[in-house]
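Chain by chain, the residues run as shown.
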Amino acid sequence: MIKPKVGRMFLATCVGSFFILILYFQNISRSASEQISGWNSFSVKSGRSPLQTLQENDQLEQSAVQATLQGRRELLEETCRTHTRKRRVLGPEDLRHLIVDDKHKLLYCYVPKVACTNWKRVLMVLTGDGRYHEPLAIPANEAHVAGNLRSLSEYSTAEINKRLRTYLKFVFVREPVERLVSAYRNKFTRSYNTAFHKRYGTKIIRRHRADPQAEALEKGNDVSFEEFVYYLVDPQTQREEPFNEHWERVHSLCHPCLIHYDVVGKYESLAQDSRYILKLAGAEGEVKFPATSKSTRTTGDMAAKFFDNISPFYQKKLFNLYRMDFLLFNYSVPAYLKLR
Ligand SMILES: *[C@@H]1O[C@H](CO)[C@@H](O)[C@H](O)[C@H]1NC(C)=O
């Protein structure tokens, strides 16, 4: 299965792109790593990378968590095979969302609205050389400051390839509509998010409100969910610029068909999946993934209410926009969506 793909990819390098190397080495590593982990079962257990630990675990009798994660990985690979035709080349700009922990050999692709602040905090503790101890003691805004964590896009091609080949790559995903409603609530219904109101709200109101008041046009602070949906499904929006990362699809942020994630964590099983990753990294003693407060988080029931006054025509358009995220990560269409 792997051989012809590698062959095609080798041809593609002749066409002239340098960054195809990233893909090429990753595919090689898939078959090579299986051999390596076979050899490793004879070696001493200490000093293994999290990726090696994962591969060894998969060969032993699997726990329920491991079996679930393997199922997700296989489904993702299968969906990629059947739904994506061309294997595009990865460039450094595609790797901006991948955060590097060189000490524990981890690569984390962050997806906003999927506990990414807490994962960034945890990675700051893990990479901080003792500067941080308690994730929740790190202010949220500090976790998002560029420069506190390193992105894979900052490395040279050779260094990128080495990390993609040998580090444990993981991502966390969430039911797409719930994630979208969560982004809307956070960015458009909180009075403090003035930057988003100015940057996106004013444009949305100008384009998608029939008879806007001068104040709304000026402040952009009362965008309705309906208007937000019109903005998302309007073809002009994405012609102008990529979606903001808070509502961009995981498919576009993390390239799960080009980067073979070793663990696909889910928001719906956040605590369990996070614990498993920290265990693989041998970091259980260093940091605990923070327990999330449930009081304000967006749930399916809450999301349902936002669709009451959206016509099936637009619901369907919105679903189509996020369709790949539903398919790749095995989410079923929420019962409240009316697609006919
Ligand atoms: C996909 O989701 C369904 C139902 O939501 C579940 O029963 C099934 O086990 C999942 N498949 C995988 C591979 O995770």
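Note on numbering: residues in each chain are counted from 1, in written sequence order. Side-chain atom pairs in this predicted model are given and counted only at pLDDT of 80 or more, local residue features only at pLDDT of at least 70, and totals for whole chains, interfaces and linings cover all residues. Side-chain descriptors were evaluated using all non-hydrogen atoms of the structure, hydrogens and water having been removed beforehand.

- An unreviewed UniProt entry lists the protein chain under the name Carbohydrate sulfotransferase, with Sinocyclocheilus rhinocerous given as the organism.
- Listed in UniProt under the heading Subcellular location (unreviewed entry), the comment for the protein chain reads: "Golgi apparatus membrane".
- UniProt lists a comment for the protein chain under the heading Sequence similarities (unreviewed entry), and it reads "Belongs to the sulfotransferase 2 family." UniProt positions are given in the numbering used here, feature names are shortened, and annotations may be inferred rather than shown by experiment.

1. Observations regarding the pairing of strand β5 (residues 263-266)
Right, on to step 1. Summary of the burial criterion: residues with accessible area below 20% of their type's maximum are buried, those above 50% are exposed, and those between are partly exposed, where the area comes from a 1.4 Å probe applied to protein chains only. Helix and strand definitions here come from DSSP, where helices need a minimum of 4 consecutive H or I residues and strands a minimum of 2 consecutive E residues; each element is numbered from the N-terminal end. Where burial is concerned, the two faces of β5 agree: the one with V263 and G265 and the one with V264 and K266 are both buried.
Right, on to step 2. Taken together, the four bridges between strand β4 (residues 168-173) and β5 define a ladder with parallel strand orientation. Paired with F170 across the two strands is V263, which belongs to β5. Two strands form a pair only when DSSP identifies at least two bridges running between them.

2. Some words on the site of the ligand
Right, on to step 1. Note on terminology: near, applied to a residue and a molecule or strand, indicates that one of the residue's heavy atoms is within 4 Å of it. Neighbouring residues of the ligand: G71, L75 and N330.
Right, on to step 2. Polar contact criterion, stated in full: a pair of N or O atoms within 3.5 Å, where within protein one must be able to donate a hydrogen and the other to accept it, and residues adjacent in sequence count only if both atoms are side-chain atoms. N330 has a polar side-chain atom sitting 2.4 Å from an oxygen atom of the ligand.
Right, on to step 3. Residue-level accessible areas treat just the shown protein chains as cover; the underlying method is Shrake-Rupley with a 1.4 Å probe. Within the complex, 37% of the 360 Å² of free accessible area of the ligand lies under protein.

3. What to know about the pairing of strand β1 (residues 98-101)
Successive residues of a regular strand alternate their side chains across the two faces of the sheet.
Right, on to step 1. Side chains L98 and V100 project from β1 onto one buried face, and the interleaved I99 and D101 project onto a second face that is buried too.
Right, on to step 2. As judged from the four bridges shared by β1 and strand β2 (residues 106-109), these two strands associate in the antiparallel manner. Across the sheet, the residue bridging to I99 is Y108, located in β2.
Right, on to step 3. With two bridges joining them, β1 and strand β3 (residues 150-151) adopt antiparallel strand pairing. When the sheet's bridge partners are listed, V100 is paired in β3 with R150.

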